[in-house]
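# Structural overview for review
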Amino acid sequence: MHLFDRKLQDLFRERTVLEKWIIFFACLLTCTFFVLAIMRVRGDGIFAEKNVTCVSDECLVAASSIMKSINLDVNPCDNFYEFACGKWQQNHQEQSEIPTNWFVEKSKNITKEVTKILETDDSPNDLRSVREARRLYRSCMDIRTINSVEYEPVFVFLEKVGLPRKFPDFTTATYLNGTSFNVARTLALIQRYLGVDILLQLGVDVNPNTNLTSLTISPVSSYSSPLPEPLYDYHNQEKFGYRRPFDIHRFFDAEEFKERIARAKLEYMVKVIITLFPSELFNPTLVLQNCVKVLALEIKLLNNNIDYEIKPEEFRTGDLMKYMYSNSSDPLDDKLFDWQSFIDHFTTESNVQWTMDDVVLVREKEYLLELQWVLIDTPLEDIQRLIWWRVVESLVLHTTSIMVDMKSSYFESIIQFERRLTRQEFCTSVTKSLLKFPIAYEFYTRNDLKDTIAKVFEMVSQLQEELKNMISESDWTDDETKETMLSKLDALRIGVGYPKIFETPYLLDQKYSYVNIMVFEYLQSILNIKTAEVGQILEQLGQPAAKISAEKQILTDPLEVNAFYNRMDNSINIPAGILQTPFFYKGNDVVNYGAIGTVIGHEITHGFDIEGKNYDIHGHKVPQWTPDSERQYLLRALCFVDQYDKFKLSLYTQVNGTRTLGENMADNVGLKQSWKAYKSNKIGQRFHLPGLTKYTNDQLFFLSYANLWCRVPTTKNDEQIQGILQDEHSPSLVRVIGSLRNSPDFAKVWNCPAGSPMNPTQKCTMW
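Everything quoted here is computed from the prediction, not taken from an experiment.

### So, the packing of helix H5 (residues 102–119) against helix H6 (residues 128–141)
The angle between the axes and the distance between the axes are what describe a pair of packed helices. Look at H5 against H6: their axes get within 8 Å of each other, and the N-to-C directions meet at 95°. As the angle between them shows, H5 and H6 are arranged roughly perpendicular. Together, Thr115, Ile117, Leu118 and Glu119 of H5 and Ala133, Arg134 and Tyr137 of H6 make up the contact between the two elements. Along the lines of polarity and charge, the residues of the contact of H5 with H6 split into four nonpolar, one polar and two charged.

### Looking at the pattern of salt bridges
All told, the structure shown has 33 salt bridges when counted by the stated rule. Of the charged contacts, one joins lysine 166 and aspartate 169 as a salt bridge, the two residues approaching to 3.4 Å between their closest N and O atoms. Look at aspartate 169 and you get partly exposed, because its relative accessible area is 22%. The closest approach of N and O atoms between glutamate 393 and arginine 390, which form a salt bridge, is 3.5 Å. Residue glutamate 393 and its partner arginine 390 are located together in helix H16 (residues 380–395), separated by three residues, close to a single helical turn.

### Description of helix H13 (residues 317–325)
Of all the residues in H13, the buried ones are Thr317, Gly318, Leu320, Tyr323, Met324 and Tyr325. Structurally, H13 contributes buried residues whose contacts are with strand E3 (212–218), strand E4 (313–316), helix H14 (339–346), strand E5 (359–362) and helix H15 (366–377).

### A look at the nonpolar core
Formed by 215 residues in total, the largest nonpolar core has its most connected members in Phe80, Leu199, Trp339 and Trp767. Considering each element in turn, this core owes the most residues, 10 residues, to helix H11 (residues 258–276). When near neighbours in sequence (up to four residues on either side) are disregarded, tryptophan 339 contacts Leu200, Ile217, Thr317, Leu320, Met321, Met324, Tyr325, Trp354 and Met356.

### A closer look at the sheet that holds E5
Strands pair in a sheet through their backbones, by hydrogen bonds, and they do so in one of two ways: parallel or antiparallel. Spatially, the four strands line up as an open sheet ordered E2-E3-E5-E4, and their pairing is mixed. Of all the strands in the sheet, just strand E2 (201–207) and E4 have a single pairing partner and so form its edges. The sheet shows a mean angle of 40° between the axes of neighbouring strands, direction not considered. The pairing of E4 with E5 spans four bridges and is classified as antiparallel. Each bridged residue has a counterpart across the sheet, and for phenylalanine 315 the counterpart in E5 is valine 360.

### Focus on the confidence of the model for the protein chain
Confidence along the protein chain averages 84 in pLDDT terms, with 84% of residues attaining 70 or more. Low confidence marks residues 548–554, where pLDDT is under 50. Its contacts with residues over four positions away, or in another chain, come to 10 contacts.

### Here's the deal with unusual backbone geometry
Cis peptide bonds are those with omega within 30 degrees of zero, and the linkage from threonine 581 to proline 582 qualifies with 5°. Assignment of secondary structure puts proline 582 in the loop between strand E8 (571–575) and helix H25 (589–594). One non-glycine residue, glutamate 349, lies in positive phi territory at about 55°. Examined against the element boundaries, glutamate 349 turns out to sit in the loop between H14 and E5.

### Quick notes on the sheet that holds strand E7 (residues 564–566)
The strand order E6-E8-E7 describes an open sheet built from three strands, whose pairing is mixed. Either end of the sheet is taken by a strand with one partner, and the two such strands are strand E6 (493–497) and E7. Looking at each pair of strands side by side, their axes are set apart by 15° on average, direction ignored. Both E7 and E8 contribute to a ladder of three bridges, which runs antiparallel. Looking at the pairing, tyrosine 565 lines up with isoleucine 572 of E8. Sheet contacts for helix H20 (residues 450–472): E6 and E8; angle to E6, the most-contacted strand, approximately 150°.

### What about the environment of serine 65?
Considering the arrangement of structural elements, one finds serine 65 in helix H3 (residues 57–69). Assessed through its relative accessible area of 8%, serine 65 is described here as buried. Placed 23 residues apart in sequence, serine 65 and tryptophan 88 show a C-alpha to C-alpha distance of 8.7 Å. Among all residues touching serine 65, those that are not within four sequence positions of it are Trp102, Tyr585 and Asn707. A polar contact of 3.3 Å, which involves the side chain of serine 65, links it to the side chain of asparagine 707.

How each quantity is defined
Residues numbered from 1 in each chain as written. Predicted model: local features only at pLDDT ≥ 70, side-chain atom pairs only at ≥ 80, totals over all residues. Heavy atoms only, no water. Axes fitted to C-alpha atoms, helices over the stretch in contact; angles between N-to-C directions. Helix = DSSP H or I, 4+ residues; strand = E, 2+ residues; numbered from the N terminus. Parallel < 35°, antiparallel > 145°, perpendicular 65-115°, else oblique. Contact = heavy atoms within 4.5 Å. Nonpolar A, V, L, I, M, F, W, Y, C, P; charged D, E, K, R; others polar. Salt bridge = Lys/Arg side-chain N within 4 Å of Asp/Glu carboxyl O. Buried < 20%, exposed > 50% of the residue type's maximum accessible area, 1.4 Å probe, protein only. Core = buried A, V, L, I, M, F, W, Y, C linked by side-chain atoms within 4.5 Å. Pairing = 2+ DSSP bridges. pLDDT = per-residue confidence, 0-100. Polar contact = N/O pair within 3.5 Å; in protein donor to acceptor, adjacent residues only side chain to side chain.

Below is the structure:
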């Protein structure tokens, strides 16, 4: 007999019957407890979670959105975008108007709410800045007064900055007293009162040598207006982080469109000039010739290839002036740029002291030599016409209905639009652009997002952790590079929802104390706002960088349906505008990780995309990676380039994998981050949406991701137009298919056979 058997017999031999039963039940309870513990850990048996179908309003909306978009006639393993979005178009028609995508549709909803706010009567509890926003809106809507005033506000401003009321000619460039038109003085006044860049582009940046803010001087890189121009960009933010200002001159990059666009621009210029002066007897041929000179000079001086990543050079203003004059043989030439006059007039009506001994930061200094040569070599009246036109072009959109129609027709001759804005939409957009924070504050008071914001912060933390794990587990990134990347991830600055100043509304009101709208002077009112904004920028000069950073107001519109990464300060911003369906559903985490989770992951990844990886946590462009990791990174990046190059949009149009590389990588890595966070945090287990119970939650994750990008082309040549714009983002279809084809998890969840269209054997991956 075994020793164990003898001990067991001894245990029971001298026990009473009661004791034997107690021992038996103790053993039984111990075994039962042990089994239950195992079941609890594994989630089996009585501890298994019950399948729950959510019937809240949010869940019903989410389910309806996804179900109405699915095209069951398509095999998801053939074309998942068409499967997930095939019915989106027919279910998102609004009368005769077809919204382009979810971004457009949700932006329109917000705009309608903004219009309601602006058309609501004032109440005693309203912020002063909100009341001023309503006054600006009403002033803009008073088209009868605007039409009756005609163009006098434009002529008054021209005179204020030293330009003639009439279209310039040789009589306006040289005066009877023998003096000439002072280019520098007029440019400075235009910068001070309008903020438009014409021959020089001014800005404010931190001087790394002094840690003080300094004035930056650069070539002009864009001819976009400093005033709102809502005709062409109405709710067209379908891209994460897409904030490039519209500039018609960018179209000149496309050779085949040069002639058509130049012809449209010249026709518009001639019409504006003739309309401004109806009683003048113009020679149309002469006007056209002068407009050709203006356009040619614009294109000659435009430099849209400035590398803002290169550190600008320091110059004393006096030394910069000497450098600019260095190619001139006559130091007394009237055409030399008058720097002293520029300084005096740019700082007018401010407390800023700028002298010839003060340091400025200069980009592309060679441009200043070229500019001086152009000033010497070009007739003064041609320079004056260019400056005059740039001012008039910026202002006339905010005058009569005739001018608005002409500008709309001009844009329509270049880019096809679904429809023109109503005056109500135009004025809402103008007001929201100039006074976005007071308007957003009204949303803040009406829509409590505290729980949503807390949830998004939690998601950001989880996604950061997943990307750290992905980097740490990478077999091609060496330890030194991993440490650099992980430090940058830890240092990520995060903004979600509304700016903190909304918690102290009186401070918000103080920031807009300069706004004083004159109801019957619409154009002058917005010019006063612009002048005050330039004055605020001037006040930053010479201030410590830390102070400016602490007082810096977030420029992103809190109501924008978008998300951003800023590599200059290693930050992401998730505005309140995107925290709505279908991007975020309250209480519906499965869909949230497929939607807003992938958006957040996309933005975080930008810190390590083809450009972002070259910046440190302070926004300085410095080499940080080891050569070997850099080499391995580029090999993987090439895989994405080659893969996306193969996407054909039509017979003559295809994706540019090099141009779209950064965004494509962000899409792929962001999707992977969110998937890992969803799985590792066991989000929404056994949680179902009504009507979608035949799909697992894992499948629902990918459905919600694809649904995010459902869209309807606004024109027959929609994809070709994207090519013209040279967009750094791939079209929606490509964004979905490209990311999912590279995801083994997607293929497994949807049971896509190896080699099928959605599960190719060759996949690209970074981490």
